[in-house]
Structures are given as C-alpha cells and as structure tokens.
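Secondary and tertiary structure notes
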Amino acid sequence: MPRPVIITCAPTGGIHTPSMSPYLPLTPSDIAQASIEAAEAGAAIIHLHARNPETGQPDPRPELFQEFMPRIAQACDAVLNVSTGGGLGMTREERLRAAVATSPEMASLNVGSLNFGIFGMLGRRTDWKHEWEPAFLEMTRDFVFKNTFADLEYVVKELGHGHGTRFEFECYDLGHLYNLAWLIDQNWLQPPFFVQLVFGVLGGMGADLDNLLHLHSVAQRLFGGSYEFSVLAAGRHQMNFATQAALLGGNLRVGLEDSLYLGPGELSPSNAHQVAKIRGVIEALGYQVATPAQARERLGLKG
Ligand code: KMH
Ligand code: ZN
C-alpha cells in the first residue's frame, strides 16, 4: 500500500510579481486566507514567504510572518514551513530572520548555489506565456542564488540546532544531493530528511522525466530509508511533474510560488484550486493524501 502523498502548497513565493496575476496573495491577510484554503483543500504543509503589503515585493520582516502564521495555525493544523530562500538580493541574515523569530516546525534550506533565471515558463510553448517584468528579467541575468557551504552550515546550526526546526531541502541539481549528503556526514543533521527536488528553474535541472528518475535513484543510494522526497516543477511543468512524483512513491508541491497557472492559458484563481486539482489526480490514481498529522510523524517534526 503506497504511503499517502504529502502535498505542500507554496502560496506566494518571492519571484512572481503582482503584475503577473491578480490572484497572487500579497498582504498578510491574503497569505493567511490562501494558506487556510489550501490546507482545507488537502495541503499538509504550507511553505511561506511574506511580501510588502504596499508594493508586493518579497519582504523579510518577521512581523509580517507573525501576522499571518498565528492566523493560519488557529484555523487549521497544517505544518508551517518558513522560507529561508527569501527574495532576490536578500542577505543571509535577512533570509533567516523570520524563521529565527517564529521557530517553525519546518524551514526551507536551499542546498547549493545556482544561477537563478526566469522560470521554465518561457519555454517553447506559447500558450503558457508569462509576462515577466523587464526589470526582473534584467536582474536575474546577473543573479546568483548564493548558498555556499558556509551558508548551509549557518542555517543548519541556527535553525536546526538552535530551534529544532527540520528542513525542506531544496535541490535544484544533482550536486545538491551530494551537498546534503556532506551535511549529513558532518553529523549536523538527523533523519528523516525531506528532499524537495526542484525542476524547471533556469540555472537548475530541466523538467525532463529522466532527470527525475536519475535523481530519485541517486537519492535512494545516498539516503536509503532515511528520507522522503517531494517534487516541485516550475511553471507549465507543475502538474505533470507532481503526478510523476506520486507515481514514484513520493510527495509533491504546488502553489502560486511555483506556477501561476491551473492549465494552459488559465491563471489559477487561487492556491486551493491547484491543491484541489492535484488532489483529484492523486485520488483518481488510487493514492491517498496525507494529513498534517501523518506528515508530522513521517518527517519527525517537533509538532
Ligand atoms: N521558488 C522555489 C523554486 C525557498 O523559498 O527557499 C524555490 C524556493 C526557495 O522555494
Ligand atoms: Zn519559496
């Protein structure tokens, strides 16, 4: 019997801009509402960023997280996962501020550096075309998403050791799995490890099925029975890669952080629409969706 599928929803992120979709949650109130609806639709984990309520820009201020996190926690029991990826150009300290202030059960940890270009959405298909802001395109042309070994150690020690927070290890490339194995070899991390395989970000792995199959087998070799994997694919690859993850016995992530769309040419009216869609696919395939309690137990969260 396959394990129930853990759905993570990432409601807003720090990459898409308000000009790209009217449905992107921006204010603490929007983010709380979107998260609660996503949890009601079946998401067990909510991956959180904050935005400046006036401008919609990614914003590291802990007080914004402290506004929406208690509201979500009061309305549902989803696991709250605070991003340490932040937004383009934030310092290491800024990226950690919210997680240090809120001491969450889970936080993201990006396990290596990469060029972080526009998402895979600007691929060859025109029916999924995105209107990226020229200033953003220009900025990403010369941007490195920096996650050095010193950065990784800093996050693991501050949050993992300091707060008992466990991680969504975001891996954008094959080498990032080996970086995670290195962190484990330092005795800085305890199992189980929640490995989020990220596809379709320009600068990282393309969303091709053979990449997923290879990473899956490498992760199996490196982490054996001590890990669970999840898959997110940016843009138009989101739903098909999420489905592939479930077919391989893994977990998945959806949400407007990763794709603004529900289907070709159709903006998703909410995060919950994406969760409901993938939940329908999973259940049609005969799988079950994990509850937050099941996710907590399987991922060894502090609760
Ligand atoms: N936007 C995702 C591709 C983070 O928040 O730590 C990567 C992400 C990074 O989720
Ligand atoms: Zn994120």
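Residues numbered from 1 in each chain as written. Chains lettered and ligands numbered in written order. Predicted model: local features only at pLDDT ≥ 70, side-chain atom pairs only at ≥ 80, totals over all residues. Heavy atoms only, no water.

Overview of the coordination of the zinc ion (ligand 2)
Put simply, the rule is: Metal donors were taken as nitrogen, oxygen and sulfur atoms no farther than 2.8 Å from the ion, or 3.2 Å where the ion is Na, K or Ca. Water is excluded, so coordination may look unfinished. Secondary structure elements are taken from DSSP: a helix is a run of H or I of four residues or more, a strand is a run of E of two residues or more, and numbering for both begins at the N terminus.
Those protein atoms acting as donors to the zinc ion (ligand 2) are H47 (NE2), H49 (NE2) and E257 (OE), and they sit at 2.0 to 2.1 Å. Site description for the zinc ion (ligand 2): donor spacing in sequence, H-x1-H-x207-E. With H47 in strand β2 (residues 45–48) and E257 in the loop between β10 (251–254) and β11 (261–263), this pair connects stretches of sequence that are 210 residues apart.

Considerations on unusual backbone geometry
The test is simple: The buried label applies to any residue whose accessible area, calculated with a 1.4 Å probe on protein chains only, is under 20% of its type's maximum; exposed applies above 50%, and partly exposed to all values in between.
Of note, the amide linkage connecting P191 to P192 takes the cis form, showing an omega dihedral of 0°. With respect to the helices and strands, the residue P192 is situated in the loop between α6 (174–185) and β8 (193–199). Backbone geometry at S103 places phi at a positive 45°, although glycine is not the residue there. Within the secondary structure, S103 is located in the loop between α3 (92–102) and β4 (106–110). According to the relative accessible area criterion, S103 is partly exposed, its value standing at 26%. Despite not being glycine, N187 has its phi angle at roughly 65°, a positive value. Tracing the chain through its elements places N187 in the loop between α6 and β8. Classification of N187 as exposed rests on a relative accessible area of 63%.

Let's talk about the site of ligand 1
The following threshold applies: Being near a molecule or strand, for a residue, means having at least one of its heavy atoms within 4 Å of it. In protein, a polar contact requires one atom able to donate a hydrogen and another able to accept it; more generally it is a pair of N or O atoms within 3.5 Å, and residues adjacent in sequence count only if both atoms are side-chain atoms. Exposure was quantified through the Shrake-Rupley algorithm and a 1.4 Å probe, taking into account, for residues, occlusion by the shown protein chains and nothing else. Using a grid of 1 Å spacing that covers the protein atoms alone, one calls a set of points a cavity when a 1.4 Å probe fits there but cannot get out, and a pocket when the set is open and has protein on both sides within 12 Å along at least five of seven lines; lining residues are those with an atom within 4 Å of a point. Whether a molecule lies in a cavity or pocket depends on its atoms, and more than half of them have to be within 2 Å of the grid points. Polar here means any residue outside two lists: the nonpolar Ala, Val, Leu, Ile, Met, Phe, Trp, Tyr, Cys and Pro, and the charged Asp, Glu, Lys and Arg; Gly therefore counts as polar.
Taken together, H47, H49, S83, G85, S108, N110, E170, Y172, R253 and E257 make up the full set of residues adjacent to ligand 1. Contacts to ligand 1 include H49, whose side-chain N or O atom sits 2.9 Å from an oxygen atom. Protein chains shield 97% of the accessible area of ligand 1, which is 300 Å² for the free molecule. More than half of the atoms of ligand 1 fall within 2 Å of the grid points belonging to the largest pocket. Its residues placed into classes, the shell around ligand 1 shows one nonpolar, six polar and three charged.

Describing empty space enclosed by the protein
For clarity, the threshold we go by: Grid points are joined across faces, edges and corners, and a volume is the space filled by probe spheres set on the points.
In the structure shown here, the tally under the stated rule is one cavity of 30 Å³ or more. Each pocket or cavity is described by its volume, and for the largest cavity that value is around 80 Å³. Lining the largest cavity we find H49, A50, P58, D59, P60, F65, S83, G86, M90, E94, R95 and A98. Among the elements that make up the lining of the largest cavity, the one with the highest residue count is α3 (three residues). Among the residues making up the lining of the largest cavity, the classes are represented as six nonpolar, three polar and three charged.

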